[in-house]
Amino acid sequence: MDRKIRVIVVDDSALVRSLLSEIINRQPDMECIGSANDPLVAREMIRELNPDVITLDVEMPRMDGIDFLGRLMRLRPMPVVMISTLTERGAEVTMRALELGAIDFVAKPRVGVANGLQELASQIVDKIRVAAVAQVRRLPAVPRGTAAGSAAAPAAHASAPVGRPAASLSPLGRISTEKLIAIGASTGGTEAIREVLTHLPADCPAIVITQHMPPGFTTSFAARLNSLCQMTVKEAQHGERLLPGHAYIAPGGKHFWVQRSGANYVAVVDDAPPVNRHKPSVEVLFKSVAACAGRNAFGIMLTGMGADGAAAMREMKDAGSYNFVQDEASCIVFGMPREAIAHGAADEVLPLNQIAAALLGKLRIGADQVHHRI
C-alpha cells in the first residue's frame, strides 16, 4: 500500500482537534500524526514531524491562523486546508487565507460543531487528499514596514493591476453586448480568477463565473474582486440582465446559468439538485452558454479537481465558442483543465498569466472586424 498522507491538525478547540483527528484516522490512506492548540506549538511540530498537509483554524490565541499561514507560506510552503467559520468575518478571512496560499477550506458551523464536522467528514478528507497532491506556491517576502500576513493588509501581488490600466477594447464598444465570457474553476480558482479579471478592462463583455464554493463565501469573494478589478464584480441575481463591464459570480450553493431574452443575456439562479456532485456546477453554466451564446462565447477553464464542466466546454466548442484552458504548470490542481483537454474542448492551453492577454487579443480582432463592416 502507498504511504499514508500525514496530517497535523491545528485548532484551539480540544473538541475540534479530537473530531478532526478521528475523521482523518478513519481513512485507510491518511493518518493524523499530531495536533496542536496554537500556531507556536504547531511550528515546532511541523519542524519535527514534516507533515504532508496541515488543517489550520482561522481564529486562534497567541497568533491567529492568518498570521501563521503568511509566515508558513513564505518560510516553509506546504499544503494547508483552512477550517473556517460560517460568518461574514470568517468568509473575509478565508478569502485572505486563499490569497496567501491555502489550498482550500472547510466551513464549520457555529453551533452543533460535533455533528456538523461529522456531516462534513467526506468533504474534509476529500480536500486533504487534493491538498496532498496540489502544487504549492511560496509566498514572496513582505517588504519591510508591511504587517506580515495581516488580514487587513492589502493583497501584495506582482500581477495585480498597478499603474497603467488594461487598455480599452474599443472606443466604440460595439462588440460587448453580443459577446459572453464564461469561466469555470474549483480548487485554487479564487486566485486564478483574480489573475484573469484584474487584467481585463472596464469595457469587457459580460463575464459569467462558476467557482465551486459553499453558501456564505461568494459574497466576500465578489466584494474582494470588485475592489481589485476595473470591471464591476458581483454575485449573480436571478432575472438580472447581464451587462458589459460586469462579472457575475454563481452564488455559493446555487446553480447559475444563462438564457436569452430577445437580444439580452439574462441570469438564472436556481436551487436544483447538484450536478457532478457540485452546486454551483460549471457544467450547468457552460451548457447554457453553449446553447444561447454559441460562436459569440469564450470559455475559460481554470485550476480545479475533477471533471465538472469538461463535457459542457466541448459543447461550447462544438457550438462555435473559442476556449482557453489553464496549463498544468500554473495550476494548483490540474483536474478540470486536464479533463477539458481530454474532451477536445481546448483551442489554446496557456499559463494562467497569459490567458487575459490572449482573450483580449481575440476580442480586439472581433472588434476590428465589426468596425470594418460599419
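Presented here is an overview of the structure given in this document. (Residues numbered from 1 in each chain as written. Predicted model: local features only at pLDDT ≥ 70, side-chain atom pairs only at ≥ 80, totals over all residues. Heavy atoms only, no water.)

### Quick notes on the packing of helix H3 (residues 65-75) against helix H4 (residues 88-100)
Part 1 of the reasoning: As a packed pair, H3 and H4 sit with axes 10 Å apart at the nearest point and diverge in direction by 5 degrees. Between H3 and H4, the interaxial angle falls into the category roughly parallel. For the pair H3 and H4, the contacting residues are Ile 66, Leu 69, Gly 70 and Met 73 in the first and Val 93, Arg 96, Ala 97 and Leu 100 in the second.
Part 2 of the reasoning: Within the contact of H3 with H4, the residues separate by chemical class into 6 nonpolar, 1 polar and 1 charged. (Axes fitted to C-alpha atoms, helices over the stretch in contact; angles between N-to-C directions. Helix = DSSP H or I, 4+ residues; strand = E, 2+ residues; numbered from the N terminus. Parallel < 35°, antiparallel > 145°, perpendicular 65-115°, else oblique. Contact = heavy atoms within 4.5 Å. Nonpolar A, V, L, I, M, F, W, Y, C, P; charged D, E, K, R; others polar.)

### Thoughts on the sheet that holds strand E8 (residues 232-235)
The strands that make up a sheet pair up through hydrogen bonds in the backbone, lying either parallel or antiparallel.
Part 1 of the reasoning: Overall, parallel pairing links the 7 strands, which are arranged E8-E9-E7-E6-E12-E13-E14 in an open sheet. Looking at the sheet topology across the chains shown, the edges are occupied by E8 and strand E14 (348-350). Across this sheet, the average inter-strand angle for adjacent strands is 20 degrees, counted without regard to direction.
Part 2 of the reasoning: Where strand E12 (residues 297-301) and strand E13 (residues 322-326) come together, 4 bridges link them in parallel fashion. Across the sheet, residue Ile 300 finds its bridge partner in E13, namely Phe 324.
Part 3 of the reasoning: On top of the sheet, helix H8 (residues 218-228) reaches strand E7 (206-211), E8 and strand E9 (246-249); it is set at about 175 degrees to E8, its chief contact. (Pairing = 2+ DSSP bridges.)

### Topic: the nonpolar core
Part 1 of the reasoning: Core analysis: the largest hydrophobic core is formed by 62 residues, its most contacted members being Ile 183, Leu 197, Leu 200, Ile 207 and Leu 302.
Part 2 of the reasoning: Ranked by residue count, the leading element in this core is helix H12 (residues 352-373), at 7 residues.
Part 3 of the reasoning: Residues contacting Ile 207, with those up to four places away along its chain left out, are Ile 181, Ile 183, Leu 197, Leu 200, Met 231, His 246, Ala 247 and Tyr 248.
Part 4 of the reasoning: In terms of nonpolar packing, the next biggest core, distinct from the first, is built from 29 residues, Ala 182, Ala 206, Val 208 and Phe 286 among them. (Core = buried A, V, L, I, M, F, W, Y, C linked by side-chain atoms within 4.5 Å. Buried < 20%, exposed > 50% of the residue type's maximum accessible area, 1.4 Å probe, protein only.)

### Examining the pattern of salt bridges
Part 1 of the reasoning: Going through the model one piece at a time under the given rule, you end up with 18 salt bridges.
Part 2 of the reasoning: Between Asp 104 and Lys 127 there is a salt bridge whose closest N-O contact spans 3.5 Å. Taken together, the residues span a long stretch of sequence, with Asp 104 in strand E5 (residues 104-108) and Lys 127 in helix H6 (residues 121-133) at a distance of 23 residues. For the pair Asp 104 and Lys 127, one class covers both residues: buried.
Part 3 of the reasoning: For Arg 277, the salt bridge goes to Asp 126, with nearest N and O atoms at 3.4 Å. With Arg 277 in the loop between strand E11 (264-270) and helix H9 (282-292) and Asp 126 in helix H6, the pair connects residues that are 151 residues apart, well separated along the chain.
Part 4 of the reasoning: Residue classification places Arg 277 among the exposed residues on the basis of a relative accessible area of 72%.
Part 5 of the reasoning: Classification of Asp 126 by relative accessible area gives partly exposed; the value is 30%.
Part 6 of the reasoning: Linked through salt bridges whose partners overlap, the residues forming this network are Arg 96, Glu 99, Glu 191, Arg 194 and Arg 224. (Salt bridge = Lys/Arg side-chain N within 4 Å of Asp/Glu carboxyl O.)

### Describing the packing of helix H1 (residues 14-25) against H6
Part 1 of the reasoning: Where H1 meets H6, the closest approach of the two axes is 10 Å, and the angle between their N-to-C directions is 70 degrees. Taken together, the axes of H1 and H6 are roughly perpendicular relative to one another. Together, Leu 20, Ile 23 and Ile 24 of H1 and Ala 121, Ile 124, Val 125 and Ile 128 of H6 make up the contact between the two elements.
Part 2 of the reasoning: The residue inventory of the contact of H1 with H6, partitioned by class, reads 7 nonpolar, no polar and no charged.

### A closer look at the packing of aromatic side chains
Part 1 of the reasoning: In total, this model carries 2 aromatic pairs according to the counting rule given.
Part 2 of the reasoning: Above the plane of the ring of Phe 105 lies Lys 127, whose end atom (NZ or CZ) is 5.4 Å from the centre.
Part 3 of the reasoning: Taking the ring centre of Tyr 322 as reference, the NZ or CZ of Lys 362 above it sits at 4.3 Å. (Phe/Tyr/Trp six-rings, centres within 6.5 Å; stacked < 30°, edge-to-face > 60°. Lys NZ or Arg CZ within 6 Å of the ring centre and 35° of its normal.)

### Description of the environment of Gln 27
Part 1 of the reasoning: Position of Gln 27 relative to the elements: it lies in the loop between H1 and strand E2 (30-36).
Part 2 of the reasoning: Distance in space between the C-alpha atoms of Gln 27 and Val 125 is 7.9 Å, their sequence separation being 98 residues.
Part 3 of the reasoning: With residues near it in sequence (within four places) discarded, Gln 27 still touches Val 125 and Arg 129.
Part 4 of the reasoning: A polar contact is formed between the side chain of Gln 27 and the backbone oxygen of Ile 23, at a distance of 3.1 Å. (Polar contact = N/O pair within 3.5 Å; in protein donor to acceptor, adjacent residues only side chain to side chain.)

Limitation: the analysis is restricted to geometry and does not speak to function.
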